[in-house]
Amino acid sequence: MEKAHKYNELITTLLLLTPFIFTGCSSTSTDKQVLRNTAITDFRGLTLGSSPVKDMYLHPSENKMLEKGHHRNKTYYRSNDELKFGDITVDEISYSYIDEKLYSININLEQDPYCHNAETLASALNKKYQASMKATVFSTGEHFWKAQFVNLELAVSCTNIFSGGKFFSTSVHISEPLLYKVYEQHLDLVIRENKKSNSEKAASDL
């Protein structure tokens, strides 16, 4: 689980950077598709913006963050979560909360050769959330789908985390845009605090 948690963080970073770090791609759609508003923001009985439910538990590494006083952002897992979507078995589903409000649902599949499962998951999102995502295909074989509503953002990324290799992995993110911005602001504050603390510690060691 620890490996999966670290992997989740890496894929999240790659997902956010994907539109900017690759060149020489052939796109079948724009990177960001702006759609109409929608009231559909649920996932397996959970609604974006809602509070954690009883069957959730914190990842062990979250305790270290809590010990440092970072209580606003937490990542949970569900004890009875079914890690299957049709015939696809995924490695992890996590639920991210800011101020006890669900802002992001993250689904990770560590191995996805040729991005076939990513395509199926993107199609499933299109159907459930009445979206119309189309793939942006890169020369590296990687795929990226994205759709944005006023109160919902959908993203599927099939990336190659080893440059020049053939190891593809898929990540799905279902998020609430306004709450995600709150998380980003909080993350920026945490990073700045950590830099300040590290600088002070380094200075004391001189």
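Each remark here, short or long, concerns the structure printed above.
Residues numbered from 1 in each chain as written. Predicted model: local features only at pLDDT ≥ 70, side-chain atom pairs only at ≥ 80, totals over all residues. Heavy atoms only, no water.

Visitor: Sorry if this is basic, but what is going on with the overall build of the protein here?
Guide: A tally of regular secondary structure across the protein gives 4 helices and 13 strands. Scored against the burial criterion, the 206 residues of the protein give a buried share of 45%. Partitioning the intrachain contacts of the protein with sequence separation of at least 6 by distance along the chain shows that 61% fall at a separation of at least 24. Of the roughly 11500 Å² of accessible surface on the protein, 54% is carried by carbon and sulfur atoms. (Helix = DSSP H or I, 4+ residues; strand = E, 2+ residues; numbered from the N terminus. Buried < 20%, exposed > 50% of the residue type's maximum accessible area, 1.4 Å probe, protein only. Contact = heavy atoms within 4.5 Å. Areas by Shrake-Rupley, 256 points an atom, 1.4 Å probe, with all protein chains shown as cover.)

Visitor: Explanation requested: unusual backbone geometry in the structure shown.
Guide: Backbone phi values are negative for most residues with the exception of glycine, while trans is the configuration of most peptide bonds. One non-glycine residue, Asp-99, lies in the positive phi region at around 55 degrees. Along the chain, Asp-99 turns up in the loop between β8 (92–98) and β9 (101–109). You can call Asp-99 partly exposed: its relative accessible area is 38%. Phi angles above zero are rare outside glycine, and Gln-130 is one such case at about 55 degrees. Along the chain, Gln-130 falls in the loop between α3 (116–129) and β10 (136–137).

Visitor: Mind showing me how you'd approach α3 here?
Guide: Every α-helical turn comprises 3.6 residues, leaving residues that sit three or four positions apart pointing alike. Its 14 residues give α3 an end-to-end C-alpha distance of 20 Å, which sits within 8% of 20 Å, the value for a rise of 1.5 Å per residue. Within the sequence span of α3, burial applies to Ala-118, Leu-121, Ala-122, Leu-125, Asn-126 and Tyr-129. In an axial view of α3, the angular spread of the buried residues amounts to 145 degrees, which keeps them on one side of the axis. Turned more than 90 degrees off the buried face of α3, the exposed positions are Glu-119 and Lys-127. Here the buried face of α3 lies against β2 (42–43), β6 (84–85), β7 (88–89), β11 (143–148), β12 (153–160) and β13 (168–175). Count one or two residues on from α3 and you reach Gln-130, which has phi positive near 55 degrees. (Expected span 1.5 Å × (residues − 1). Arc of directions from axis to C-beta.)

Visitor: Sorry, what's going on with the pairing of strand β5 (residues 73–78) here?
Guide: A regular strand places its side chains on the two faces of the sheet in alternate fashion. For β5, the tally of buried residues reaches 6 of 6 residues, placing the bulk of the element in the interior. Residues Asn-73, Thr-75 and Tyr-77 of β5 are buried on one face, and the alternating residues Lys-74, Tyr-76 and Arg-78, pointing to the opposite face, are buried as well. As paired strands, strand β4 (residues 56–58) and β5 are joined by 3 bridges and run antiparallel to one another. Residue pairing for β5: Leu-58 is matched across the bridge by Tyr-76. Sheet topology note: the β5/β8 ladder contains 4 bridges and is antiparallel. Along β8, the bridge assignment pairs Lys-74 with Tyr-97. (Pairing = 2+ DSSP bridges.)

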